[in-house]
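For reference, the chains in residue letters:
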Amino acid sequence: MEYRTLGPFTVSAIGLGAMPLSMNNDNAVPSRADAVATVHAALDAGVTLIDTADIYAPAWDEMGHNELIVAEALSSWGGDRSGIVVTTKGGITRSEGETWGRNGSLDYLRAAVHASLRNLDADVIDLYQYHRPDRWMVYGEVMENLKTLQQEGLVRAVGISNASVEEIDIALQVLGQGNLASVQNEFSPRHPGSFDELRYCAERGIAFLPWSPLGGTGGGARAVGERFGVFAEIGREHGVSPQRVVLAWELSLSDTVIPIPGARRAASITDSAQAPGLRLSAEELARCSAAVGLEL
């Protein structure tokens, strides 16, 4: 495993996106035992970053479901937990009747943080990321709210998710240079639209965490080699999966990139965790970038 910088932390170059253990596009959630086993497999493979969120749950009245799985897996794992970093997210609301919304107010975020602390059985959250913008609020004011939570000692580091370049810049202005730990946006061969944000973060030393880096649940990740044949071709040449090639390519885009592939099976994250060890030539990397329409 290789390691990269995430705010004040040093973490594995590949993280685990825990969301599919509680909700996914197939509506096929693993048993609790299998979910815990998947997290254990990630940890056994050297993964030291786990990404979760308060809304990751099978239903609106099970908020915190995913955080509870992560907490159970960490408490029952036999390895050294001192270097494990858990990031959770808040700011999306989910209520009766599966009514979804956004809330970036200080009162809501503070309550959400306390709930996440209980779910994760933690005294402080390593990295707290603002999940999606509340368009009824000024973005800079929400960043002030996150800064307050950090000053109150509830969270060690602050990040943002689903953010534009402009919003990243606002976060930097409010939090201060060096105090925005991460930006977590969707980025994959299927969705390369956040490449501008990726480069913006790379230029400023901010960790960029691609979510759904393989194309998402519901078949996108499984079919990435079919939709983008170059990854399957290069995979065959190296004797590895197309998914591992995709992650190795993403890692090559900047040393600030830390993909967090989702997994609901131990085999999936075990394979993904080996991506940092896959060495692709400059020609192979250029073929990958061209296949998804990026000119580097």
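About the criteria used
- Per-chain numbering applies: the sequence of each chain, read as written, is numbered from 1 onward.
- In view of the model being predicted, local features appear only for residues whose pLDDT reaches at least 70, and side-chain atom pairs are presented and counted only at 80 or more, with totals across whole chains, interfaces and linings using the full set of residues.
- To get the side-chain values, all heavy atoms of the structure are used, and hydrogens and water are removed first.
- Every axis in this analysis is a line fitted to C-alpha atoms, fitted for helices over the stretch in contact. Angles between the N-to-C directions lie between 0 and 180 degrees.
- Runs of H or I in DSSP of at least four residues are treated as helices and runs of E of at least two as strands, each being numbered from the N terminus.
- Residue contacts are counted whenever heavy atoms from the two residues lie within 4.5 Å of one another.
- Ten residues, namely Ala, Val, Leu, Ile, Met, Phe, Trp, Tyr, Cys and Pro, are considered nonpolar, four, namely Asp, Glu, Lys and Arg, are considered charged, and the remaining ones, Gly among them, are considered polar.
- To qualify as a nonpolar core, a set must consist of buried Ala, Val, Leu, Ile, Met, Phe, Trp, Tyr and Cys residues joined through side-chain atoms within 4.5 Å.
- Burial classes: relative accessible area under 20% of the type maximum marks a residue as buried, over 50% as exposed, and values in between as partly exposed (1.4 Å probe, protein chains only).
- Here a strand pair is declared whenever DSSP counts at least two bridges between the two strands.
- Two rings belonging to Phe, Tyr or Trp (six-membered ring only in the last case) form a pair when the distance between their centres is within 6.5 Å. Interplanar angles under 30 degrees mark stacking, angles over 60 mark edge-to-face geometry, and anything in between is tilted.
- Consider the ring centre and the ring normal. A charge sits over the ring if Lys NZ or Arg CZ is within 6 Å of that centre and within 35 degrees of that normal.
- A side-chain nitrogen of Lys or Arg and a carboxyl oxygen of Asp or Glu constitute a salt bridge if their distance falls within 4 Å.
- His is not counted, nor are the chain ends, whereas Lys and Arg count as positive and Asp and Glu as negative.
- Handedness rule for crossovers: strands pointing away from the viewer, path from the first strand over the helix to the second running clockwise, crossover right-handed.
- Small angles under 35 degrees read as roughly parallel and large ones over 145 as roughly antiparallel, with 65 to 115 read as roughly perpendicular and the rest as oblique.
- The term polar contact refers here to a pair of N or O atoms within 3.5 Å; inside protein, the definition further demands a hydrogen-donor-capable atom paired with an acceptor-capable atom, and it admits residues adjacent in sequence only when both atoms are side-chain atoms.

**Student:** When you look at the packing of helix 2 (residues 65-76) against helix 3 (residues 106-120) in this model, what are you seeing that I'm missing?
**Tutor:** The axes of two packed helices give the description: the angle between them and the distance between them. Orientation of helix 2 relative to helix 3, taken along the N-to-C sense of each, is 35 degrees, at an axis distance of 7 Å. Of the residues in helix 3, those in contact with Glu67, Leu68, Val70 and Ala71 of helix 2 are Ser116, Asn119 and Leu120. Along the lines of polarity and charge, the residues of the contact of helix 2 with helix 3 split into four nonpolar, two polar and one charged.

**Student:** What am I meant to see in the nonpolar core here?
**Tutor:** Most often, soluble globular proteins keep nonpolar side chains buried together rather than apart. By size, the foremost hydrophobic cluster in this structure holds 55 residues, and its most contacted members are Met143, Ile160, Ile168, Leu180 and Phe231. Broken down by element, this core gets its largest block of residues, seven residues, from helix 9 (residues 242-253). In contact with Met143, not counting residues within four places along its chain, are Tyr130, Ile160, Ala171, Val174 and Leu175. Among the nonpolar cores identified, the runner-up in size contains 22 residues, and Val39, Ala42, Trp77 and Leu120 belong to it.

**Student:** Please explain the sheet that holds strand 4 (residues 49-51) as it appears in this structure.
**Tutor:** Working definition: the strands of a sheet are paired by backbone hydrogen bonds and lie parallel or antiparallel to each other. Taken in spatial order, the seven strands make up an open sheet running 3-4-5-8-9-10-11, and their pairing is parallel. A strand with exactly one partner marks an edge of an open sheet, and here the two such strands are strand 3 (16-17) and strand 11 (207-208). Two strands pair when backbone bridges link them, and strand 5 (residues 85-90) and strand 8 (residues 125-130) are joined in this way by four bridges, in the parallel orientation. For Thr87, the partnering residue across the bridge sits in strand 8 and is Leu127.

**Student:** Hey, could you run me through the packing of aromatic side chains in this one?
**Tutor:** Applying the stated criterion to the full structure yields six aromatic pairs. For the pair Phe187 and Trp249, a centre-to-centre distance of 6.0 Å together with 25 degrees between the ring planes defines the contact as stacked. A residue pair is termed long-range when its members are at least 10 positions apart, and Phe187 in the loop between strand 10 (180-184) and helix 6 (195-204) and Trp249 in helix 9 qualify at 62 residues. Each of the two residues, Phe187 as well as Trp249, counts as buried. Within the aromatic cluster, the residues linked to one another by ring pairs are Phe187, Phe195, Phe208, Phe228, Phe231 and Trp249. One residue, Arg204, lies across the ring of Tyr200, its end atom 3.4 Å from the ring centre.

**Student:** So what exactly am I meant to see when it comes to the pattern of salt bridges here?
**Tutor:** Between side chains of opposite charge, a pair can form as their charged atoms come close. The full count for this structure, using the stated rule, is 15 salt bridges. The partner of Arg199 in a salt bridge is Asp196, and the shortest N-O contact between them spans 3.0 Å. Of this pair, Arg199 and Asp196 both sit in helix 6, three residues apart, roughly one helical turn. As a salt-bridge pair, Arg287 and Glu233 come within 3.3 Å of each other at their nearest N and O atoms.

**Student:** Help me out: how do you make sense of the side chain of Glu197 in this one?
**Tutor:** Structurally, the position occupied by Glu197 is in helix 6. In this structure Glu197 is buried but unpaired, with Arg199 as the nearest side chain of opposite charge at 8.6 Å.

**Student:** What should I look at first to understand the pairing of strand 8 in this one?
**Tutor:** It is a general feature of regular strands that their side chains alternate between the two faces of the sheet. Extensive coverage of strand 8 is indicated by the burial of six of its six residues. Summarising the sheet, strand 8 and strand 9 (residues 155-161) pair through five bridges and their orientation is parallel. Bridging across to strand 9, Tyr128 finds its partner in Val158. The β-α-β motif built from strand 8, the intervening helix 4 (residues 139-151) and the parallel element strand 9 has right-handed crossover chirality.

**Student:** Looking at this structure, how should I read the packing of helix 8 (residues 229-238) against helix 11 (residues 282-291)?
**Tutor:** Across the interface, helix 8 lies against helix 11 with an axial gap of 9 Å and an inter-helix angle of 160 degrees. It follows from the interaxial angle that helix 8 and helix 11 lie roughly antiparallel. Here helix 8 contributes Val230, Phe231, Glu233, Ile234, Glu237 and His238 to the contact with helix 11, which in turn contributes Glu284, Arg287, Cys288 and Ala291. For the contact of helix 8 with helix 11, the class distribution of residues is five nonpolar, one polar and four charged.

**Student:** I'm lost on the side chain of Asn24 in this one. Help?
**Tutor:** Mapped onto the secondary structure, Asn24 falls in the loop between strand 3 and helix 1 (32-44). Here Pro20 takes part through its backbone oxygen, which lies 3.0 Å from a polar atom of the side chain of Asn24. In this structure the side chain of Asn24 is engaged in a polar contact, spanning 3.2 Å, whose partner is the side chain of Arg264. Those residues in contact with Asn24 that sit more than four places away from it in its chain are Val29, Thr217 and Arg264.

**Student:** Which parts of the structure should I look at to understand the environment of Arg287?
**Tutor:** For Arg287, the position within the fold is in helix 11. Not counting residues within four places of it along the chain, the set of residues in contact with Arg287 comprises Val230, Glu233, Ile234 and Glu237.

**Student:** Please clarify how the pairing of strand 6 (residues 92-95) should be interpreted in this entry.
**Tutor:** Across four bridges, the pairing between strand 6 and strand 7 (residues 99-102) is antiparallel. Pairing of Ile92 across the sheet is with Arg102, part of strand 7. Between strand 6 and strand 7, which pair antiparallel and follow one another directly, the connecting turn spans three residues, one of which, Gly97, has a positive phi of 80 degrees.

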